[in-house]
Amino acid sequence: MRFTLNIDHVATLRNARGEEQPDPVTIAMIAEEAGVDGIVVHLREDRRHISERDVRLLREIIKTKFDLEMAANDEIIKIACDVGPELATLVPEKRQELTTEGGLNIIDNSKLYKDTISKLHDAEIEVSLFIEPEIATIDIAAEIDADFIEIHTGTFANAVSEEEQFDELDRIRAAVLHAKKLGLGVNAGHGLDYQNIKLFREIPDVDEVSIGHSIIARAINVGIVEAVKEMRRLINGQ
């Protein structure tokens, strides 16, 4: 299971006072040295954290894998095609939300996402769709030529009981199996942390997890290098 680090909230801290530090680009370089398999950022339409400057500099310095989260927005699509990340992950986006809330509705908006995927493929960028672990949604993802899905793990992460947590794990496990049968790669993310990753890592065939907030929060206590290494060990079952 590969481990990518979302560094959006490094930019959130930087932007809180309009300063230049901490620099998400510097943190990305340190995190790669510490053992992450890739860097994830979300270039939002409102630019509330990551900026276009960050995206372009990250493309120049990242040596592992660059995953650009984005809405199916013409301006952002153009930037993505120009920058050329290894992966573009299409996510829903609302102005009022604190963070991404739930997966894409690709069933009702299949043409929009099919067209977006086609544009990104023309730029030789692989595409992932951030979706709920639902069989019908996964079927549509395959039909509109996605390369990957990223399963929204928020329900699992926010479960208030062990029964609810295990029920959601079963749903995710079935979704992963179905996606693999259709030839899709499977990533996962949202709300994964140092505790629930111990259970989540037991799901077979998940290619990659994207983790951000819990690691950046941990880094305030122990530093980004140790925070990354601690998560790396947990994902590896050590």
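The structure we're discussing is the one just above.
Here the structure is a predicted model, which is why all the values come from computation and not from measurement. (Residues numbered from 1 in each chain as written. Predicted model: local features only at pLDDT ≥ 70, side-chain atom pairs only at ≥ 80, totals over all residues. Heavy atoms only, no water.)

A. Structural view of the packing of helix H2 (residues 24-34) against helix H11 (residues 224-235). Where H2 contacts H11, the two axes come as close as 9 Å, and the packing angle between them is 45°. Regarding the angle of H2 to H11, the classification is oblique. By crossing handedness, the relation of H2 to H11 is classed as right-handed. Contacts between H2 and H11 pair Ile27, Ile30, Ala31 and Ala34 from the former with Ile224, Val225, Val228 and Lys229 from the latter. In the contact of H2 with H11, the residues fall into seven nonpolar, no polar and one charged. (Axes fitted to C-alpha atoms, helices over the stretch in contact; angles between N-to-C directions. Helix = DSSP H or I, 4+ residues; strand = E, 2+ residues; numbered from the N terminus. Parallel < 35°, antiparallel > 145°, perpendicular 65-115°, else oblique. Left-handed = near helix turned anticlockwise from the far one by under 90°. Contact = heavy atoms within 4.5 Å. Nonpolar A, V, L, I, M, F, W, Y, C, P; charged D, E, K, R; others polar.)

B. Geometry of the sheet that holds strand E5 (residues 126-131). If you trace the eight strands once around the closed barrel, you get E1-E2-E3-E4-E5-E6-E7-E8, paired in parallel fashion. Averaged over all adjacent pairs, the angle separating strand axes in this sheet is 25°, with direction ignored. Sheet analysis places strand E1 (residues 2-6) next to strand E2 (residues 38-42), joined by three bridges and oriented parallel. Bridging across to E2, asparagine 6 finds its partner in valine 40. Contacting E1 and strand E8 (208-211), H11 crosses the sheet at an angle of about 145° to E1. (Pairing = 2+ DSSP bridges.)

C. Up close: the packing of aromatic side chains. A full pass over the atoms with the stated rule returns one aromatic pair. Residues phenylalanine 156 and phenylalanine 200 carry aromatic rings whose centres are separated by 5.7 Å and whose planes lie at 45° to one another, so their mutual orientation is tilted. Taken as a pair, phenylalanine 156 in helix H7 (residues 154-157) and phenylalanine 200 in helix H9 (residues 197-200) lie far apart in primary sequence, 44 residues in all. Accessibility expressed as a relative area gives 0% for phenylalanine 200, which makes it buried. (Phe/Tyr/Trp six-rings, centres within 6.5 Å; stacked < 30°, edge-to-face > 60°. Buried < 20%, exposed > 50% of the residue type's maximum accessible area, 1.4 Å probe, protein only.)

D. A look at the environment of threonine 153. Within the secondary structure, threonine 153 is located in the loop between strand E6 (148-152) and H7. The class for threonine 153 is buried, based on a relative accessible area of 0%. Linking threonine 153 and phenylalanine 200, residues 47 residues apart in sequence, is a C-alpha distance of 9.4 Å.

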